[in-house]
Number of protein chains: 2
Amino acid sequence: MEQSALQLQSLVKKSGELEVSLARVPVPAPKADEVLVRVEATPLNPSDLGLLFGAADMSTARVSGSASQPVITARIPQDRMQAMAGRVDQPMPVGNEGAGVVVAAGDAPESQALMGKTVAILGGAMYAQYRAIKAKQCLVLPSGASAADGASCFVNPLTSQGMVETMRMEGHKALVHTAAASNLGQMLNRICVADGVGLVNIVRSKEQAEMLQGQGAKYVCSTGAPDFVEDLTRALAETGATIAFDAIGGGPLAGQILAAMETAANRTAKEYSRYGSAMHKQVYVYGNLDTGPSLLNRNYGMAWGLGGWFLTPFLQKIGKDAAQKLRMRVVRELRTTFASRYTKEVSLAEVLSPAEITVYNRRSTGTKYLVNPNKGVDR
Amino acid sequence: MEQSALQLQSLVKKSGELEVSLARVPVPAPKADEVLVRVEATPLNPSDLGLLFGAADMSTARVSGSASQPVITARIPQDRMQAMAGRVDQPMPVGNEGAGVVVAAGDAPESQALMGKTVAILGGAMYAQYRAIKAKQCLVLPSGASAADGASCFVNPLTSQGMVETMRMEGHKALVHTAAASNLGQMLNRICVADGVGLVNIVRSKEQAEMLQGQGAKYVCSTGAPDFVEDLTRALAETGATIAFDAIGGGPLAGQILAAMETAANRTAKEYSRYGSAMHKQVYVYGNLDTGPSLLNRNYGMAWGLGGWFLTPFLQKIGKDAAQKLRMRVVRELRTTFASRYTKEVSLAEVLSPAEITVYNRRSTGTKYLVNPNKGVDR
């Protein structure tokens, strides 16, 4: 095996410059309880882009360096540097999850047992040719599954299951999802169809609505339709959904959902309450597709909440055993419920191509890239 | 005793007209477990104004009727009528809380025991000369306390205690309060000074800040000061406050508080987290002094929540015994911790005076009216 290999690093400089490059780092030797994974498939998730590009204005991006080791630089607006304070002048590896083949293993039996296996990992620093990681953090893929099949084993599959579990834990009977035509949205729809859970899908266009309906979705409301609010209210009244998961964040949508939940509740209310319905209405924001401000008109009584939702604290809250059950379902249904589709497979060097950045940084539903860090690399 | 007496009623007509009038209603005969209270003091709280004037545009208010029984009419904008659907064409009595003297009692011993006593009530329909109510709902005031002393026994005293209890129940160690120069804010400050709880008071002006500092407040930040955000961040870092109660609702303030909490948390953070600090930051909106939209920039990681906070479900959640403990503290500290100050005492007819409406409907801190429904009334 080679002595050193490529790792993507993102650096925010004190000067206000972002620099993303491919560093040559030593290939780590696994400790006793670790294995070394040759990473072959790792997705570019929206949740990776924040670390990858920080607060930089990517319209200022320039490329330098060589074809095999390009360097991207971009300016970070002065007023966004405060939010970057914690990472200034420290090169950060990127890439939440991925999959690959175990090519070396430490002495411990549980490490040795993984030699040659294809495993999935949630551990960060996956945009690299190699990743050393504890054996117990590896999810062994079922035989016949490729690294690409298992590349997105964690973030979307656990997030979509986490939404349904949160709905149950907090006493709601159905749920709402925005940006519902995404890979994650399609997974959530498959879970809800299989488990008989009421789901109101919110999408932007008729095409997205038809795609989800073709996958068995009963309720799909398009924000582009002239009667969106009435459609949504009817779907909420029929399903009884009082919790929503919102990938968008900015703009009026979260507030519109709360208001429509309140209208749906009041349609069946028996007497007037000046403080609104007593039923708790909740929206969790788990994404930031629109980074603009959220606008809340607060015309939905007093029993409402809006907040951030994030996978890691959710998994900590439910505990090891419950989290393991969710992971086992992912393995069982890897190529059905939890299948991901990618528009393109790229190398690490291609991740740093300005033309590709323009495409995958758009964060538009239906565009998802898979990185193969060992594609086109001299070994 | 007279056969009929005055009761203020607010009526939203299907035509889009608000009509507030003094109706003559029969004086009720108390049932066995009830008493009849002659109401002598009932405050005009911000929480009463919503029921009193509904969604009407009070700049269109006109007065008619007689001097002793005036009638106020005002237009309700068409686009706000949907929110009024539940109360259309039903005259609503108004007035959450108040105090008075028990002038008749049902046969049950607990009712008879209250004859002649001055009691406080939280029951609605207090803007009336008489109110029949269950004996067990009456809070007997300590001897020597007047109806005016006990008029505001519930809403502000239980809300301010409820804030501190919520802070404790949800695992926070200090709290933030906006519109902190209000009657409620002064109560909360007295509770926190007495109990040694860290409190960050947010006010609008230097005068309000000095008033609270004169009452022992350690942290007072004025939104009018040029270095408001830095002042607030420092106070949050020193107290460790991670929960806020906001009376204002609209505008950027709730988001500014969440952002300042995040900055305060990151000042002591040991390593960079792209998802922000893991510490949960919470703002509860309990009032609507600014009815405009809330603006959230969501620049405070993922561990945050914003939601409505309301006294009734809080009291239900903590249960009877805990709620009774809060009530007993109000009785014990009625003229100290929980003393209210009023700028003016008015009659029911004066509540319907356009000049007075202009003053008390401004909802400005430092203007609080006390209604005496038996003032200036022919008996």
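Computed from a predicted model, the values in this text were never measured in an experiment. (Residues numbered from 1 in each chain as written. Chains lettered and ligands numbered in written order. Predicted model: local features only at pLDDT ≥ 70, side-chain atom pairs only at ≥ 80, totals over all residues. Heavy atoms only, no water.)

Enquirer: Would you mind going over the state of the cysteines with me for this structure?
Expert: Disulfide: a covalent bond formed between the sulfur atoms of two cysteine residues. For the structure on display, the rule yields zero disulfides over all chains. Sulfur of C138(A): no disulfide; nearest cysteine sulfur belongs to C153(A) and is 12 Å away. (Disulfide = S-S within 2.5 Å.)

Enquirer: Explain the relation of the copies chain A and chain B here, please?
Expert: The operation relating the two chain copies consists of a rotation about an axis and a shift along that axis. For the match of chain A to chain B, the screw axis carries a shift of 0.0 Å, the RMSD comes to 0.0 Å, and the turn is 180°. Taken together, the rotation and translation relating the two chain copies correspond to the operation of a two-fold axis. Most of the interface of chain A is mirrored in chain B, where 100% of its interface residues are also at the interface. (Least-squares fit on C-alpha atoms with pLDDT ≥ 70 in both. Contact = heavy atoms within 4.5 Å.)

Enquirer: What is the right way to look at the sheet that holds strand β17 (residues 290-296) of chain B in this model?
Expert: Sheet strands line up and pair through hydrogen bonds in the backbone, either parallel or antiparallel. In space, the four strands of this open sheet follow the order β15(A)-β17(A)-β17(B)-β15(B), with mixed pairing throughout. The sheet is open, and its two borders are formed by β15 (249-251) of chain A together with β15 (249-251) of chain B, each paired with just one other strand. Adjacent strand axes in the sheet meet at a mean angle of 50° when their direction is disregarded. By the bridge criterion, two bridges tie β15(B) to β17(B) in an arrangement that is parallel. Note on β17(B): the bridge partner recorded for G251(B) is S294(B). (Pairing = 2+ DSSP bridges. Helix = DSSP H or I, 4+ residues; strand = E, 2+ residues; numbered from the N terminus. Axes fitted to C-alpha atoms, helices over the stretch in contact; angles between N-to-C directions.)

Enquirer: What's the story with the confidence of the model for chain A in this structure? I'm lost.
Expert: When pLDDT drops low, the exact placement of atoms in the prediction is not to be read closely. The predicted model of chain A has a mean per-residue pLDDT of 94, with 99% of residues at 70 or higher. Here the predicted complex carries an ipTM of 0.87, next to a pTM of 0.89. (pLDDT = per-residue confidence, 0-100.)

Enquirer: Any chance you could explain unusual backbone geometry here in plain terms?
Expert: Comment: phi is negative for the bulk of residues other than glycine, and the bulk of peptide bonds are trans. Backbone geometry at A125(A) places phi at a positive 60°, although glycine is not the residue there. Since its relative accessible area comes to 15%, A125(A) is described here as buried. (Buried < 20%, exposed > 50% of the residue type's maximum accessible area, 1.4 Å probe, protein only.)

Enquirer: When you look at the environment of M163(A) in this model, what are you seeing that I'm missing?
Expert: Residues and elements named next belong to chain A. Locating M163 in the fold gives a position in helix α4 (residues 155-169). Classification of M163 as buried rests on a relative accessible area of 0%. In the structure, M163 is positioned 96 residues away from A67 in sequence and 42 Å away in space, judged by C-alpha atoms. Leaving out residues up to four positions away in the same chain, M163 has contacts with L175, H177, L184, L188, F245, Y286 and W309.

Enquirer: I keep staring at the pairing of strand β2 (residues 17-26) of chain A and nothing clicks. Help me out?
Expert: Residue and element names in this part refer to chain A. Where strand β1 (residues 4-12) meets β2, nine bridges bridge the pair, whose relative direction is antiparallel. Along β2, the bridge assignment pairs A5 with V25. Hairpin connection of β1 to β2: four residues between the antiparallel strands, including G16 at a positive phi of 95°. In this structure, β2 lies alongside strand β5 (residues 70-75), joined through five bridges in antiparallel fashion. The residue of β5 that forms the bridge with V20 is I72.

Enquirer: Explanation requested: the sheet that holds strand β13 (residues 219-222) of chain A in the structure shown.
Expert: A sheet is described by the order of its strands in space; here 12 strands give the open sequence β13(A)-β12(A)-β11(A)-β14(A)-β16(A)-β18(A)-β18(B)-β16(B)-β14(B)-β11(B)-β12(B)-β13(B), paired in mixed fashion. Single-partner strands in this sheet number two, and they are β13 of chain A together with β13 (219-222) of chain B. If you compare each strand with its neighbour and ignore which way they point, the axes differ by 15° on average. Of the pairings in the sheet, the one linking strand β11 (residues 174-178) of chain B to strand β14 (residues 243-246) of chain B comprises three bridges and is parallel in character. Bridge pairing links H177(B) to F245(B) in β14(B). Strands in contact with helix α7 (residues 228-239) of chain A are β11 (174-177), β12 (198-203) and β13 of chain A; relative to β13(A), the strand with the most contacts, it is inclined by about 160°. Taken strand by strand, helix α4 (residues 155-169) of chain B contacts β11, β14 and β16 (281-285) of chain B, and its axis lies near 140° from that of β11(B).

Enquirer: Help me understand the interface of chain A and chain B, please; the structure alone is not making it clear to me.
Expert: Interface size is commonly expressed as the accessible surface area that is lost when the partners come together. Each side of the interface is counted separately: chain A has 37 residues, and chain B has 37 residues. In total, chain A and chain B occlude about 2900 Å² of area from one another, counting both sides; carbon and sulfur atoms represent 56% of this. Taken as a group, Y272(A), R298(A) and M302(A) account for 26% of the area that chain A buries against chain B, more than any other trio of residues on that side. Our count for the chain A to chain B interface comes out at zero salt bridges. (Buried area = accessible area lost by both parts, 1.4 Å probe. Salt bridge = Lys/Arg side-chain N within 4 Å of Asp/Glu carboxyl O.)

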